[in-house]
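Below, each chain spelled out in residue letters.
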Amino acid sequence: MGDARTRWSARRWLIAGLLATLCATPALARDALTLGMVLEPPGLDPTAGAAAAIREVTYDNIFEGLTRIDGAGHVVPGLAASWTISPDGKAYTFALHSGVIFHDGTEFNCAIVQFSYNRARAPDSTNAQKELFEPIADIACPDPHTAVVTLKRPDAAFLFGMGWGDAVMVAPNSAAGNQTHPIGTGPFRFTNWVKGDRVEMARFDHYWGAAPKLARVTFKFVADPAAAAAALLAGDIDAFGNFPAPEILPQLRADGRFAVVIGSTEGKTILALNNARKPFDDIRVRRALAYAIDRKALVQATMSGLGTIIGSHYTPNDPGFIDLAGTYPYDPTRAKALLAEAGIASGTHFTLALPPPPYARRGGEVIAAMLEEVGLHVELVPMEWAEWLDQVFKRSDFDMTMISHTEARDLAIYARDHYYFNYHSDAFRSLYQTYLDATDPRTEIDLLQKMQRQLATDEPNVFLYVLPKLGVWNARLHGFWVNDPIPANDLSAVAWGE
Amino acid sequence: MLRFLAGRLLALALTLLAAAALIFLVLEVLPGDPAALILGVNARPDTLATLHHQLGLDRPAALRFPLWIFGLLRGDFGESYTYHAPVAGLIADRVMVSLPLALLALALSTTLAIPVGVFAAARRRRIGDTLAMAVAQLGVAVPNFWLGLLLILLFAVKLAWLPASGFGGWSGGIWHGLRSLILPALALALPQAAILARVTRSAVLETLGEDYLRTALAKGLSRNAALWRHAVPNALIPVFTILGLQFSFLLAGTIIIENVFTLPGLGRLIFQAIAGRDLIVVQDLVVLLAGSVIVVNFAVDIAYVLVDPRLRQSGPR
């Protein structure tokens, strides 16, 4: 009797289970995504911190700007449907989309544009890229859906800058809380942040643009590369916009369940030299170092061969790119000759400061070995980020350092008065100034190319390679960016296929 | 007993204050500016100055230290620079991961180690002993993070029984949270259990050679009864000492294991906070961890008294 009852009850459960499975089938069309990231963002407000991780969560998912940068690195309309530029290049008239609301229901209009830009350039602003807003003289609102931004001088980079995460639209009533509870106009609204573990968001039903395919998105933070691989293999994570360990990619590729897509970031990886310190003030020494480094072998050893070799501070993603990778081909004999000519004795001792990322720690060892070959003795100095920012970046107290400059189109750093590698070239500065003043796209491209050549000639730093974007995702997913022209995981077009 | 407790409490408070002063000093000397980390490489000096002011870093250290200490006394742990949330809340969330993890690991390691140790001692030099101690030797040698990866590969990737990383949270029920903790707890517990088993074995062996055991056997107790009734209880003091020490190791171990399993626990928080120069979080956590180690040592002292009637009669020192 007891036996029969157990059996009946077991059967009932089985049937109930089957029914539940059957009923659930139509809803099984997957619309949830778990995306892995290495670093957890420090806060979720891209207007209050420089960390790429903030943008990798929020950019174009939660927050949007007047312009946006698309996956190909082009400036395209965002919350501004279109714009016109006055002939003198100073007045930008943006036609704003109407019917746009923030996730809390606040209406988006020209007053929001005024608020956002004025907040970013205010004296008490803590915007990490305050420089972007420096050219702005005034923001006027002839009507609620038109914004006229007047600049102090023409700025060829203005529209690109307004597409950065630092220039997204925020509302007066929610801006202060965006660090922990971001409220933007994007296709996804923030729902939850389990600190140390994940950020969750859901489709915003009143989004002004095309509704995203995904209903729920979880950003999961996995710092350890081996753990990241395990989480992918176990199915806990569906995708990595940028997978942390190139050496595991062949295994993931062989698995068959994953699409492995190698793209490019903006990370210009360089051996930065302190141009103010002897002997790096001598162009022969800098060129000797460039000849002494076998970049192909370096990329092979540290990035499993993934990463485009560059010869200037510019990437193939950027407008007007010219390939200068062959300027200083690997030639240790020539390197030795140049060093001898500059009076550098064999066995001269230098330090090489290495921040935490693997490209630097591993790359530093390879570079040290290559420089030993031409008779230089290199001492590796591993540093934490905080230490690197303080000693190398702020106080410029270093010989050489290996670092990836991840900001897009940042030729401007070579025109600065005080920047950690201390490059000073009047020729470059005048090129840069002419570029900023240019209003004609053809002249702009011409000047961008001249600047690239000037840097390759002067070789203030040894330009090495562009960090690859190692995209790995479930093969049934589509719609991810292949390249990272700016740090982002734009999920508006991502969907599960069959 | 009361005087003993009062003395202990005073010592506890002084140790905590010393730990607080030390960590504050270390973080002062350590290079790195939290504002520079937040604002990155393009920050302008005036922006940095504004952020310094907002974070309260423009005040001198001599003022910040007492402000922090008095805040702690009032129960105000301050606000994290990176999470922009009260540190007390952050820590409370993380304790809900780390404490169950540490307790689970401790429970696993003791339930594994004590029987194995006693068993090995009882069959000294026989095949069971040799085998158990060989496994324990291996356990001592295996680093917990590597063991963690092996466990992930087997139970999460191959068998798909348990999640590879992350924490499900307790809101979905006990099992929901617990299943994320099983593998990390095993990774933490096994090397600890190996050490504990060896200590238990030698402690039991020592008591097995004592006169009172011979007496017990002589008056007709069976070997097993003598073992469990007389040898094991007397062997517990060194075992408790090691357990107390292991608690500190467990806390240190969670820093590594929580990173391997990406668990949002205290260990990961302190690791991130140091890298991010989230000074106030590091300070609070160090004081908290130092405090818990002191409290556990105190509990171990009490446990001595409980297991050793002689200490109970004469009263502790």
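Residues numbered from 1 in each chain as written. Chains lettered and ligands numbered in written order. Predicted model: local features only at pLDDT ≥ 70, side-chain atom pairs only at ≥ 80, totals over all residues. Heavy atoms only, no water.

To continue, consider the domain arrangement of chain B. All names here are of chain B. When the domains of chain B are assigned, the result is domain 1 (2-74) and domain 2 (89-314). Distance from the C-alpha centre of domain 1 to the C-alpha centre of domain 2: 32 Å. In this assembly, 19 residues from domain 1 lie in contact with 17 residues from domain 2. Considering only the side of domain 1, the residues that lose the most area to domain 2 are Leu16, Leu27 and Trp68, jointly responsible for 29% of the buried surface there. Linking domain 1 with domain 2 are zero salt bridges. Linking domain 1 to domain 2 there are two residue pairs in polar contact (both at pLDDT 80 or more). For the side of domain 1 that touches domain 2, the elements supplying multiple residues, two or more each, are α1 (2-29), α2 (34-39) and α4 (61-73). (Domains from an automatic or database assignment. Contact = heavy atoms within 4.5 Å. Buried area = accessible area lost by both parts, 1.4 Å probe. Salt bridge = Lys/Arg side-chain N within 4 Å of Asp/Glu carboxyl O. Polar contact = N/O pair within 3.5 Å; in protein donor to acceptor, adjacent residues only side chain to side chain. Helix = DSSP H or I, 4+ residues; strand = E, 2+ residues; numbered from the N terminus.)

Residues and elements named next belong to chain A. Annotation of chain A at the domain level lists domain 1 (2-42 + 181-264 + 469-496), domain 2 (65-171) and domain 3 (266-468). Each of domain 2 and domain 3 has a C-alpha centre, and these two points are 33 Å apart. Tallying the contact residues gives nine residues for domain 2 and ten residues for domain 3. Surface buried jointly by domain 2 and domain 3 totals about 760 Å² across both partners, of which 57% is contributed by carbon and sulfur atoms. Remark: the boundary between domain 2 and domain 3 carries zero salt bridges. Joining domain 2 to domain 3, the criterion identifies one residue pair in polar contact (both at pLDDT 80 or more). Broken down by class, the residue content of the side of domain 2 that touches domain 3 amounts to five nonpolar, two polar and two charged. (Nonpolar A, V, L, I, M, F, W, Y, C, P; charged D, E, K, R; others polar.)

So, about the interface of chain B and chain A. With 41 residues of chain B at the contact, the number on the chain A side is 46 residues. In total, about 3,400 Å² of surface goes out of reach between chain B and chain A, with carbon and sulfur atoms giving 57% of it. For the pair chain B and chain A, the interface holds three salt bridges. In this structure, the salt-bridge partner of Lys130 of chain A is Asp46 of chain B, at a minimum N-O distance of 3.3 Å. One can count twelve residue pairs in polar contact (both at pLDDT 80 or more) joining chain B with chain A. When contributions to the side of chain B that touches chain A are tallied by element, the ones reaching two or more residues are α2, α3 (45-55), α5 (87-122), α7 (144-158), α10 (223-260) and α11 (266-275) of chain B. It is α3 of chain B that provides the largest number of residues to the side of chain B that touches chain A, a total of five residues.

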